Amino acid sequence: MRQMIMGNWKMHGLRGQGKRLVTDIAEAIAGIRETREVVLAPPFTLTGYLAPLLETHGIGLGAQDCHAEPEGAFTGDISAPMLADLGVTHVILGHSERREYHHENNALIRRKAVTARRYGLCPVICVGESGSQKEAGEADRWLTRQITECVPDNFDGIVAYEPIWAIGTGKAATESDIESRMSLLHDVLHRHLETDDKSTRVLYGGSVKPEDAASILAVSGVGGVLVGGASLSAESFLGIAKAG
Ligand code: 13P
């Protein structure tokens, strides 16, 4: 399976910047398409605008969230069929920033994943422990619970392990930390889904930079990376996408 390099632009980018960023990475991405799958998740406002450009260059189009219902009286929200209609292929669900600022819980994230799948989107479910949970030795129990409660039956999407303490801090998890969490997550997914070991792709996210991307991507069990800050610069994102 190709490793996935996914960029999460979060709430960054106007049309001009977004188009320039995609144009700057598109040509260089072509050479690595055999080994790496590249997906970009711009803000909703750029989704339809960038869709044709991304499709031309064989780059997947991600969204950063969707509603659990396909339609309805939910002012300001965006549904899975609306995203699919624009050509979206992947949707990030349960990012720690959504959990913190929009009070999303595991049950809601599970419902979103079911709806996303029903409309042909590949859900990328985020899990991760806080710094205090890590220090208290509670990370494994917390991650097990997040997987069990967020991941629906017959899940064929992606999981992203994003330790909250590593997001936006410039301090990625160590390789040995990533390896042991990957092993736990694959184990829990295997039991939860009753599928073959390691058949679910698990990404690592949290301060991934070009200089440490190769060693992170080489860690056993890592199916790719979910990149925040470094995906906003063509040079950094390409450095990560081509690493190793
Ligand atoms: P950073 O790469 O900026 O730490 O963000 C990671 C992230 O939250 C990706 O979803």
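The structure we're discussing is the one just above.
All residue numbers refer to positions counted from 1 along the written sequence of the respective chain. Restriction of local features to residues with pLDDT of at least 70 applies here, the model being predicted, together with a cutoff of 80 or more for giving and counting side-chain atom pairs; totals for whole chains, interfaces and linings are based on all residues. Water and hydrogen atoms were dropped before computing side-chain values, which therefore reflect all heavy atoms in the structure.

A.B. asks: What am I meant to see in the pairing of strand β4 (residues 90-93) here?
C.D. replies: On a regular strand, each side chain points to the face opposite its neighbour's, so the side chains alternate between the two faces of the sheet. The alternating pattern of β4 places His90 and Ile92 on one face and Val91 and Leu93 on the opposite face, and all of these are buried. Bridge count between strand β3 (residues 60-63) and β4: two bridges; the pairing is parallel. When the sheet's bridge partners are listed, Gly62 is paired in β4 with His90. Here a crossover is taken to be right-handed if, once the strands point away from the viewer, the path from the first strand over the helix to the second is traced clockwise. In DSSP terms, a helix is any run of H or I states spanning at least four residues, a strand is any run of E spanning at least two, and both are numbered starting from the N terminus. Taking the sense of rotation as the criterion, the β-α-β connection linking β3, helix α3 (residues 80-85) and β4 turns out right-handed. The criterion for strand pairing is that DSSP finds at least two bridges linking the strands in question. As defined by bridge partners, β4 adjoins strand β5 (residues 122-127) across four bridges and the pair is classed as parallel. Residue pairing for β5: Ile92 is matched across the bridge by Val124. Partly exposed residues are those whose accessible area sits between 20% and 50% of the maximum for their type, while under 20% is buried and over 50% is exposed, using a 1.4 Å probe and protein chains only.

A.B. asks: Is there a simple way to explain the packing of helix α7 (residues 139-150) against helix α8 (residues 175-193) in this structure?
C.D. replies: For any two helices packed against each other, one specifies the crossing angle of their axes together with the interaxial distance. Each axis is a line fitted through C-alpha atoms, taken for helices only over the stretch in contact, and angles between the N-to-C directions span 0 to 180 degrees. Across the interface, α7 lies against α8 with an axial gap of 10 Å and an inter-helix angle of 35°. Seen from above, α7 lies across α8 with right-handed handedness. Contacts from Ala139, Asp140, Leu143, Thr144, Ile147 and Thr148 in α7 reach Arg181, Leu184, Leu185, Val188, Leu189 and His192 in α8. We call Asp, Glu, Lys and Arg charged. Ala, Val, Leu, Ile, Met, Phe, Trp, Tyr, Cys and Pro are nonpolar, and the rest, Gly among them, are polar. Residues of the contact of α7 with α8, tallied by class, amount to seven nonpolar, three polar and two charged. Note: crossing handedness is left-handed where the near helix turns anticlockwise from the far helix by less than a right angle, and right-handed where it turns clockwise. We call two residues in contact when some of their heavy atoms are within 4.5 Å.

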